[in-house]
Amino acid sequence: MSGFEVRRALLSVADKTGIVEFARQLAESGAEIVSSVGTARAIREAGVEVTATDDVTGASEMLGGRVKTLHPQIHGGILADPDDPAHQEDLRRSGIEAFQLVAVNLYPFADEPGIEQIDIGGVALLRAAAKNHEHVAAVSFPHQYPEVIGALRSGGLDRESRRRLAAEAFAHTAQYDAAISRWFSLPEVLSDPLVITLRRRQEVRYGENPHQQGALYASEHGGYWASEVRRIQGKPMSYNNYADVEAAVRLAADLEGAGCVIVKHANPCGVGVGTGAAEAFARAWEGDPQSAFGGVVAFNCPVTASVAEDLRRVFVEVVAAPRVDPEAVAIFSRKPNLRVLETPLRLSSELEIRSLGADFLVQTTDRSIPIPSEWRVVSRVHPDAGQLPDLRLAWVVAGHAKSNAVVICRDGRSVGVGAGDQSRVGAARRAMSVAGDRARGAVAASDGFFPFTDGLDALASMGVNAVVSPGGSVRDSEVIAAADQHRMALVFTGRRHFRH
């Protein structure tokens, strides 16, 4: 219905942003303003007439402010249905006046968690107003004030608008309660229930494919990695862009020294480390130039002008780095469709969640950073000092590639990545087909154990002379014997890194 009129408004806010001007404009429209003591003080000091809630209830705030609006004079005025004769009789008999607008925001629990930041009265007010949205506007955020005033002045705060405000209010209290629930669940990581609420941060053109809808969601407070991404230039990010950039940046964060990662379809196809970004990029691109075409490139170090010149000569979809120098930005501007991002190095979050339709798998996050002190050389031949950095690099990359994964590295770069294969020997053959002659004298990593000797035999046939894998197969003794036969160094980590 149109012509919704606010004759009486209740304002009780923790965040005073914009509340004085909101109260002034409501008062100018003819509304009586009722406010809790703290909010009333701010409004009164600005010269706006206001009635304190304790004057309405006849009871002063008590228990250090824990009880101030939990009273029939307040909630009766919010929850009453003006079309219900029995409700109106109850109001008349108790001397209660109805409210048509309630503006409440809650104690900042997510920012300052603690018992005294758990809002009781505010949540009750907001939910009461949202429940009775047919007759009451529930305003839960300062950014809604101008819209509400504009709608009231034009007679446009109609039923649908009030219903939308109510939906936002219930979402707000749900998120608030979820934050409290998570706080009480600590230190239990996989709590029961696991309460998670998300807000839509950005719509994308479509999902993985054009016929699918897509959007970026994140928690209300903290951990919103994408909110820290600054798009310097280029087209808006797509669903697939976000997935690939996150995978690339996550791997880049695990590299030692200046590093570059090129990802295609969430799998690394080129990884390089060096003395700086230029050398790291050159090594990453040389790893598999064919697969790198049209990929996503991420650095764990600043991108300079020389790197930008190198990137300008090839086709990639996205470049991401913790910092892009101004000279590099000027060079990238010659390719306006290229997405260039400044992004923090994302460290893995505490939990990973995967949808199974209406159900979810939840696990603690895996980190593929090696722990060499736990590694065990099981072959007669030991890796030499020159091989250890490449073994480390291969192990890190394998942990970020889809299983089954085999990665071949040499001289600070990946030269062959076999990922997402149904068999381990198939992953090894894929990696070898990319590496070619570069496999001779290289090292390799396998994200899982070798169930048979065939994968190790295949790598040895191409000249790979050191391998790191988790071990743990019932045929480990046969695999170790094969390594000794090939005069190959074999290291067991005791820890696998499957990634599905």
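These lines cover the structure that appears in this document, whether it is placed above or below.

1. Considerations on the overall build of the protein chain
So, point 1. When you go through the protein chain residue by residue, the secondary structure sums to 17 helices and 21 strands.
So, point 2. Summarising its shape, the C-alpha atoms of the protein chain cover approximately 95 × 55 × 40 Å along the three principal directions.
So, point 3. Residues classed as buried in the protein chain amount to 49% of the 500 residues present.
So, point 4. Taking the contacts inside the protein chain whose residues are at least 6 apart along the sequence as the reference set, 55% of them involve residues at least 24 apart.
So, point 5. A total accessible area of about 23700 Å² is found for the protein chain, and carbon and sulfur atoms account for 50% of it.
So, point 6. When the 53 basic and 61 acidic side-chain charges of the protein chain are each reduced to a single mean position, those positions are 5 Å apart.

2. Details of helix H7 (residues 145–154)
So, point 1. Listed in full, the buried residues belonging to H7 are Tyr-145, Val-148, Ile-149, Ala-151 and Leu-152. For H7, the arc enclosing every buried residue in end-on projection is 165°, short of the 170-degree limit, so these residues lie on one face. Counted as exposed and oriented over 90 degrees from the buried face of H7: Pro-146, Arg-153 and Ser-154.
So, point 2. Elements that come into contact with the buried residues of H7 comprise strand E1 (8–13), helix H1 (19–28), strand E4 (101–105), strand E5 (137–139) and helix H8 (159–185).
So, point 3. Immediately beyond the C-terminal end of H7, within one or two residues, lies Gly-155, with a positive phi of roughly 70°.

3. Things to note about helix H12 (residues 305–312)
So, point 1. Along H12, the residues classified as buried are Val-307, Ala-308 and Leu-311. All buried residues of H12 lie within an arc of 100° about the axis, which places them on one face of the element.
So, point 2. For H12, the secondary structure elements touched by its buried residues are helix H10 (277–287), strand E11 (296–299), strand E12 (318–321) and helix H13 (326–332).

4. Structural notes on the packing of H1 against H7
The angle between the axes and the distance between the axes are what describe a pair of packed helices.
So, point 1. Two elements in contact, H1 and H7, have axes whose closest approach is 10 Å; the angle formed by their N-to-C orientations is 10°. Classified by the interaxial angle, the pair formed by H1 and H7 is roughly parallel. On the side of H1, the interface is formed by Ile-19, Phe-22, Gln-25, Leu-26 and Glu-28, while H7 contributes Tyr-145, Val-148, Ile-149, Leu-152 and Arg-153.

5. A short note on the side chain of Arg-499
So, point 1. Positionally, Arg-499 belongs in the segment after strand E21 (489–492).
So, point 2. Judged by its relative accessible area of 19%, Arg-499 is buried.
So, point 3. Aside from chain neighbours lying at most four places away, what touches Arg-499 is Arg-250, Glu-352, Gly-399, His-400, Ala-401, Lys-402 and Ser-403.

6. Observations regarding the sheet that holds strand E2 (residues 32–35)
So, point 1. The strand order E3-E2-E1-E4-E5 describes an open sheet built from five strands, whose pairing is parallel. The strands lining the two open edges of the sheet, one partner per strand, are strand E3 (51–52) and E5.
So, point 2. Here three bridges tie E4 to E5, and the two strands are oriented parallel to one another. Residue pairing for E5: Val-102 is matched across the bridge by Ala-138.

7. Quick look at the nonpolar core
So, point 1. Grouped together as the largest cluster of nonpolar side chains are 37 residues, with contacts concentrated most on Val-245, Leu-255 and Val-261.
So, point 2. Apart from the residues lying within four places of it in its own chain, the contact partners of Leu-255 are Cys-260, Val-261, Val-271, Gly-272, Val-273, Asn-300, Leu-393 and Val-396.
So, point 3. Within the second largest apolar cluster, 27 residues are counted, among which are Ile-262, Cys-301, Val-319 and Ala-321.

Parameters at a glance
- Residues numbered from 1 in each chain as written.
- Predicted model: local features only at pLDDT ≥ 70, side-chain atom pairs only at ≥ 80, totals over all residues.
- Heavy atoms only, no water.
- Helix = DSSP H or I, 4+ residues; strand = E, 2+ residues; numbered from the N terminus.
- Buried < 20%, exposed > 50% of the residue type's maximum accessible area, 1.4 Å probe, protein only.
- Contact = heavy atoms within 4.5 Å.
- Areas by Shrake-Rupley, 256 points an atom, 1.4 Å probe, with all protein chains shown as cover.
- Lys, Arg positive; Asp, Glu negative; His and termini not counted.
- Charge placed at Lys NZ, Arg CZ, Asp CG, Glu CD.
- Arc of directions from axis to C-beta.
- Axes fitted to C-alpha atoms, helices over the stretch in contact; angles between N-to-C directions.
- Parallel < 35°, antiparallel > 145°, perpendicular 65-115°, else oblique.
- Pairing = 2+ DSSP bridges.
- Core = buried A, V, L, I, M, F, W, Y, C linked by side-chain atoms within 4.5 Å.

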